[in-house]
Amino acid sequence: MKSIIAYSRRAVLFAGCLAMLACGPVLAQGSDTLAKIRAKGTIVIGNGGAFPPFEFMENGQLTGFDRDLGEEIAKRLGVRAEWIVSDFAGLIPGLTSGRTDVIISALTRTPEREQRIAFSRAYYQTGIAAAYRADVSVANPDDLAGKIVGLQTGTAGEKFTRDSYANKVKELKTYPEFPLALRDLEIGRVQVVVNTMPVLRYNLARSNRAGLKLSNVWDARDIGINTRPADTNLMAEINKLLGDMSSDGFLKSLESKWFGTN
């Protein structure tokens, strides 16, 4: 009887070892997102779709600075870019759940975001600022006190305002997309919109019938590409490609194309 029990235990142990050996390579392969991207020939990119000039829809197609950047990243990786457009607030959950491989959507680096996702080297430097109506003055953040302020949900501008000025403003209004906040600023439903300077400057340069004004930059922020923290191989490759793009002038050409800077 003892020999039968011992045999059974050995059989179970042997079967368990076989199962571990069978699963091992699959788990290792699944954990290397860069290898998976190259194997399938596609990189899935999350994007908010409504943050011009970084990204916006034109004739039903995604376009903008980040679209150009993502297509170039895919090209240099030797794969095809597949874009998934979602609300800005859904970008990080989409990445952490595995629905997308990376985020390329003008996310600014913050300590809170760095607890959930990884950031590449900066591909653009920006800063928090405000657009405001001509009948008010918003030269610095303290001038938000007593104002009705519009914010895009999930952005660095929203966090900046909520963290330091939520109890000082008259009212905070949130919007899923930046153009909706800007529209309410133009018609007077809000007095100020806080966001990143390039987005504010670009949109007011295109159309400013309401005579809106811009503050100076209130703080400096870096914009990067995002991966899951465990995807170190993918992030290393992205940082290498961004370094190449900086050296060969590609990033500068995108800046000139979308912001008109030299």
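Residues numbered from 1 in each chain as written. Predicted model: local features only at pLDDT ≥ 70, side-chain atom pairs only at ≥ 80, totals over all residues. Heavy atoms only, no water.

Chemist: Can you explain the overall build of the protein? Please cite residues and give values.
Modeler: Looking only at helices and strands, one finds 10 helices and 12 strands in the protein. Here the protein holds 262 residues, and the buried ones make up 48% of them. The long-range share in the protein, meaning contacts at least 24 apart out of those at least 6 apart in sequence, stands at 71%. (Helix = DSSP H or I, 4+ residues; strand = E, 2+ residues; numbered from the N terminus. Buried < 20%, exposed > 50% of the residue type's maximum accessible area, 1.4 Å probe, protein only. Contact = heavy atoms within 4.5 Å.)

Chemist: Can you tell me about the pattern of salt bridges, naming the residues and giving the values?
Modeler: In total, this model carries 17 salt bridges according to the counting rule given. Glu72 is the salt-bridge partner of Arg76, the closest N and O atoms lying 2.8 Å from each other. Here Arg76 and its partner Glu72 are both found in helix H3 (residues 65-77), 4 residues apart, which amounts to about one turn of the helix. Since its relative accessible area comes to 28%, Arg76 is described here as partly exposed. (Salt bridge = Lys/Arg side-chain N within 4 Å of Asp/Glu carboxyl O.)

Chemist: Account for the packing of aromatic side chains, with residues named and values stated.
Modeler: Where two aromatic rings form a pair, the distance of their centres and the angle of their planes describe that pair. Applying the stated rule across the entire model yields 13 aromatic pairs. Relative to Tyr124, the ring of Phe65 has its centre 5.9 Å away and its plane inclined at 75°; by these criteria the two rings are edge-to-face. In this pair, Phe65 sits in helix H3 while Tyr124 sits in strand E7 (residues 124-132), placing the two residues 59 residues apart along the sequence. We note Arg76 situated over the ring of Phe250; from NZ or CZ to the ring centre the distance is 5.7 Å. Residue placement shows Arg206 over the ring face of Phe56; its charged tip is 6.0 Å from the ring centre. (Phe/Tyr/Trp six-rings, centres within 6.5 Å; stacked < 30°, edge-to-face > 60°. Lys NZ or Arg CZ within 6 Å of the ring centre and 35° of its normal.)

Chemist: Tell me what's going on with the confidence of the model for the protein, and back it up with residues and numbers.
Modeler: On average, residues of the protein score 88 in pLDDT, and 87% of them are at 70 or above. In the predicted structure, residues 1-30 sits below a pLDDT of 50 and forms 0 contacts with residues beyond four places in sequence or in another chain. (pLDDT = per-residue confidence, 0-100.)

Chemist: Summarise the nonpolar core; cite the residues concerned and give the values.
Modeler: Counting 49 residues, the largest nonpolar core has Phe54, Leu69, Tyr123 and Ile225 as the members making the most contacts within it. The residues contacting Ile225, other than those within four sequence positions of it, are Leu69, Ile73, Val102, Ile103, Ile104, Ala118, Phe119, Ser120, Tyr123, Met235, Ile238 and Leu242. In terms of nonpolar packing, the next biggest core, distinct from the first, is built from 15 residues, Leu144, Val149, Phe160 and Trp218 among them. (Core = buried A, V, L, I, M, F, W, Y, C linked by side-chain atoms within 4.5 Å.)

Chemist: Account for the pairing of strand E12 (residues 219-227), naming residues and giving values.
Modeler: Sheet analysis places strand E5 (residues 102-108) next to E12, joined by 3 bridges and oriented antiparallel. Along E12, the bridge assignment pairs Leu107 with Gly224. Here E7 runs beside E12; their pairing, made up of 5 bridges, is antiparallel. Across the sheet, Gly127 pairs through a bridge with Ala220, a residue of E12. (Pairing = 2+ DSSP bridges.)

Chemist: Which residues make up the side chain of Glu237, and what values go with them?
Modeler: Along the chain, the position of Glu237 falls in helix H9 (residues 232-248). Those residues within four positions of Glu237 in sequence are excluded, and the remaining contacts are Leu34, Arg38 and Leu77.

Chemist: Can you lay out the side chain of Lys147 for me, pointing to particular residues and giving the numbers?
Modeler: Position of Lys147 among the secondary structure elements: in the loop between E7 and strand E8 (148-152). Apart from residues no more than four positions distant in its own chain, Lys147 is found in contact with Val136, Ser137, Val169, Lys170, Glu171, Gln191 and Val192.

Chemist: How would you summarise the environment of Leu242 if you had to cite specific residues and measurements?
Modeler: Tracing the backbone shows Leu242 in helix H9. Put simply, Leu242 and Gly224 are 18 residues apart on the chain and 9.8 Å apart in space, counted from C-alpha to C-alpha. Here Leu242 is in contact with Leu69, Ile73, Ser120, Arg121, Tyr123, Ile225 and Leu251, once residues within four sequence places are set aside.

Chemist: Could you give an account of unusual backbone geometry, naming the residues involved and the relevant values?
Modeler: A cis amide bond, omega 10°, links Pro52 with the succeeding residue Pro53. With a phi angle near 55°, Asn59 is a residue other than glycine that sits in the positive phi range. Looking at the element boundaries, Asn59 is found in the loop between strand E2 (56-58) and strand E3 (61-63). A positive phi angle is found at Ala106, which is not glycine, with a value near 55°.

Chemist: Residue-level account of the packing of H3 against helix H10 (residues 250-259), with values.
Modeler: Between H3 and H10, whose axes approach to 10 Å, the crossing angle comes to 155°. With respect to each other, H3 and H10 are oriented roughly antiparallel. H3 and H10 meet at a crossing whose hand is right-handed. Where H3 abuts H10, its residues Phe65, Asp68, Leu69, Glu72 and Arg76 lie against Phe250, Leu251, Leu254, Glu255, Lys257, Trp258 and Phe259. (Axes fitted to C-alpha atoms, helices over the stretch in contact; angles between N-to-C directions. Parallel < 35°, antiparallel > 145°, perpendicular 65-115°, else oblique. Left-handed = near helix turned anticlockwise from the far one by under 90°.)

Chemist: Account for the packing of H3 against H9, with residues named and values stated.
Modeler: At a minimum axis separation of 11 Å, H3 and H9 run at an interaxial angle of 110°. It follows that H3 is roughly perpendicular to H9 by the angle criterion. Seen from H3, the contacting residues are Leu69, Glu72, Ile73, Arg76 and Leu77; seen from H9, they are Glu237, Leu241, Leu242, Asp244, Met245 and Asp248. For the contact of H3 with H9, a count of residues per class yields 6 nonpolar, no polar and 5 charged. (Nonpolar A, V, L, I, M, F, W, Y, C, P; charged D, E, K, R; others polar.)

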